[in-house]
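Next come the chains, spelled out residue by residue.
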Amino acid sequence: MPMYEYVCNECGHEFEKLIRSPEEEKELTCPQCSAPRLSKKLSLPARPMETVGATASAAEACGQGPPCGAPWCRRQG
Ligand SMILES: [Zn+2]
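Residues numbered from 1 in each chain as written. Predicted model: local features only at pLDDT ≥ 70, side-chain atom pairs only at ≥ 80, totals over all residues. Heavy atoms only, no water.

(A) Structural detail: the coordination of the zinc ion. Those donors, C8 (SG), C11 (SG), C30 (SG) and C33 (SG), are the protein atoms that reach the zinc ion, and they lie 2.3 Å from it. Between the four donor atoms coordinating the zinc ion, the angles at the centre fall across 106 to 115 degrees, so the site counts as tetrahedral. Between consecutive donor residues of the zinc ion, the sequence gaps follow C-x2-C-x18-C-x2-C. Of the two residues, C8 sits in strand 1 (residues 3–8) while C33 sits in the loop between helix 1 (22–26) and strand 3 (38–41), which places them 25 residues apart along the sequence. By relative accessible area, which is 34% here, C33 ends up partly exposed. (Donors = N, O, S within 2.8 Å, 3.2 Å for Na, K, Ca; no water. Tetrahedral: all angles 85-135°; square planar, octahedral: opposite > 155°, others 65-115°. Helix = DSSP H or I, 4+ residues; strand = E, 2+ residues; numbered from the N terminus. Buried < 20%, exposed > 50% of the residue type's maximum accessible area, 1.4 Å probe, protein only.)

In structure tokens, the structure reads:
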């Protein structure tokens, strides 16, 4: 059963809802103002992608072969 995040188009209230059937999602309303106009948010897994994690994974990737020359690479020379 997927958990979705919604944003109310009327009052901007954000909430999560467990959706068990398409009918349930169709009848969903804002718990704060009861408006039926909601936007579904894409809930992504909490994982750093391109910022701090990038350098860490790049350093791990440079485990074999010649030094990659990147500033974070410990295998200089
Ligand atoms: Zn609302």
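(B) Layout of the nonpolar core. Formed by Y6, C8, F15, I19, L28, C30, A35 and L38, the largest nonpolar core amounts to eight residues. The residues contacting C8, other than those within four sequence positions of it, are H13, C30, C33, A35, R37 and L38. (Core = buried A, V, L, I, M, F, W, Y, C linked by side-chain atoms within 4.5 Å. Contact = heavy atoms within 4.5 Å.)

By themselves, these observations are geometric and do not establish any function.
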